[in-house]
Amino acid sequence: MHEWALAEGVVATAIKVAEREGLREITEIRVKIGELQQTDMEVFEFALKEIVRLQSALLRRARFLFEHEPAVLKCRVCGTEWAFKDALKKLDEEQSESIHFLPETAHVYVRCPNCHSPDFEVTKGRGVWLESISGEK
Amino acid sequence: MDPRLSIIEERLKDVKRVIAVAGGKGGIGKSSVSATLAIVLARAGHRVGLLDLDICGPSTHVILGIKGVYPTEDKGIVPPLVHGIRFMSIIYYAGDNPSPIRGADISNLIIELLTITRWGSLDFLVIDMPPGIGDPTLDVIRFMKRVEFLVVTTPSKVAIETVRKLVKMLAELGIPITGLVENMKMPSSLGIGQSLEPLGVPLLGGIAFDEGLEQAVGDVEKLAESCFAQELTAALRRIIDERGGESHV
């Protein structure tokens, strides 16, 4: 996912949760980021700051905490498990860039190291997840 | 919580109508209808987007002869303007390679596309759907609250039977159906209007099998002048002539 779109999603979701929970101020937002996403953290954090700056006082003092989760792939055919970072080493820049924009295109470029099947699942490290938000009522 | 789900509606807020072109089975001409409809709408002066959601078998880029263009990054992904159409497809990222994606990953990919794509202001967003009522159809219904369906079938009994299931499901869910287009209509057609009339879907018109259509694939000028395009235009006249894209057929 493009970092800016991701940041917009995080902020919009945090605001929704805050409204639902009756928070008048958000103090902390925990975000889990899967490795498959290959998020550029510098760009992501810059986008978050810019988006928060345009928001109401609700988010002005919010602190963002990030947890990075390595991506693990598991072949549905032979059961082999392997790390995405190992697969990444075999990809060229264009292939890696495609997965950066659309992570599911991993199925286009990555194959099981044992049986070469494209039929694998991402058991860990896919996507971005808003783990929790904390704030004051 | 998946943060992507919060902004899909935001991405579509300046799109007046979202038309998913769907059918019960493959090979009935959904992609030809989608691509040609997008061309006809664009030439009628509408602002048009075309989203190819046939993830495993995208083909609208082939029909429209689209190659050598790519989206640009601007706080998301802005689809390139090709032949007057904002065009988005997995092909920008998968190229000519097979895309063997299934299950939850299909849904994830659709969510991702809907999240990152900045369509801007459009009169119509046409979606080329894959066949059937599986993940993509359910995802489009789930995430695109204002979607309406344009249903395509051929006079084949098999196609009609599968489209009946699609129509039944859409009706059950209260999803608007713009109408039905009969593609590859044959003189001996039994009349799909009669077959599907009990389901209350208006038959917008029929398109005869156009032997010249294959010659027009990849050539937008030929496609726009084809009998196929002319008959599709006649069938969808009320959609195409609308200004501002507000009312339904």
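Worth saying up front: this structure is predicted, and the values here are computed from it rather than measured. (Residues numbered from 1 in each chain as written. Chains lettered and ligands numbered in written order. Predicted model: local features only at pLDDT ≥ 70, side-chain atom pairs only at ≥ 80, totals over all residues. Heavy atoms only, no water.)

K.L.:
Lay out helix H2 (residues 41-53) of chain A in plain terms, naming residues and giving numbers.
P.N.:
Residues and elements named next belong to chain A. Taking 1.5 Å as the rise per residue, H2 with 13 residues should run 18 Å; its terminal C-alpha atoms sit 18 Å apart, in good agreement. Those residues of H2 lying buried are Met41, Phe44, Ala47, Leu48, Ile51 and Val52. Taken around the axis of H2, the buried residues stretch over an arc of 125 degrees, which confines them to a single face. Along H2, exposed side chains directed more than 90 degrees from the buried face belong to Glu42, Lys49 and Arg53. Turning to H2, the residues buried within the fold contact helix H1 (3-21), strand S1 (25-34) and strand S2 (63-69). Sitting at the head of H2, Asp40 places a side-chain oxygen 3.1 Å from the backbone nitrogen of Glu42. (Helix = DSSP H or I, 4+ residues; strand = E, 2+ residues; numbered from the N terminus. Expected span 1.5 Å × (residues − 1). Buried < 20%, exposed > 50% of the residue type's maximum accessible area, 1.4 Å probe, protein only. Arc of directions from axis to C-beta. Contact = heavy atoms within 4.5 Å. Polar contact = N/O pair within 3.5 Å; in protein donor to acceptor, adjacent residues only side chain to side chain.)

K.L.:
Can you explain the state of the cysteines? Please cite residues and give values.
P.N.:
In protein structure, a disulfide is the covalent linkage between the sulfur atoms of two cysteines. Residues and elements named next belong to chain A. Here the structure, examined in full by the defined rule, presents zero disulfides over all chains. In this structure Cys115 is a free cysteine whose sulfur lies 3.6 Å from that of Cys75, the closest cysteine sulfur available. Look at Cys115 and you get partly exposed, because its relative accessible area is 31%. (Disulfide = S-S within 2.5 Å.)

K.L.:
Mind laying out the pattern of salt bridges, listing which residues take part and the relevant values?
P.N.:
Overall, the coordinates contain 27 salt bridges over all chains when judged by the stated rule. Here Arg126(A) and Glu104(A) are joined by a salt bridge, their closest N and O atoms 2.4 Å apart. With a gap of 22 residues between them, Arg126(A) in the loop between strand S5 (120-124) and strand S6 (128-136) and Glu104(A) in the loop between helix H4 (93-101) and helix H5 (106-109) connect regions that are remote in the sequence. Put simply, Glu182(B) and Lys185(B) hold a salt bridge, and the shortest N to O gap is 3.5 Å. With relative accessibility at 1%, the residue Glu182(B) sits in the buried group. A cluster of three or more residues bridged by salt bridges with shared partners is formed by Glu104(A), Arg126(A), Asp2(B), Arg4(B) and Glu112(B). (Salt bridge = Lys/Arg side-chain N within 4 Å of Asp/Glu carboxyl O.)

Honestly, that's just the spatial picture; any functional story needs more than this.
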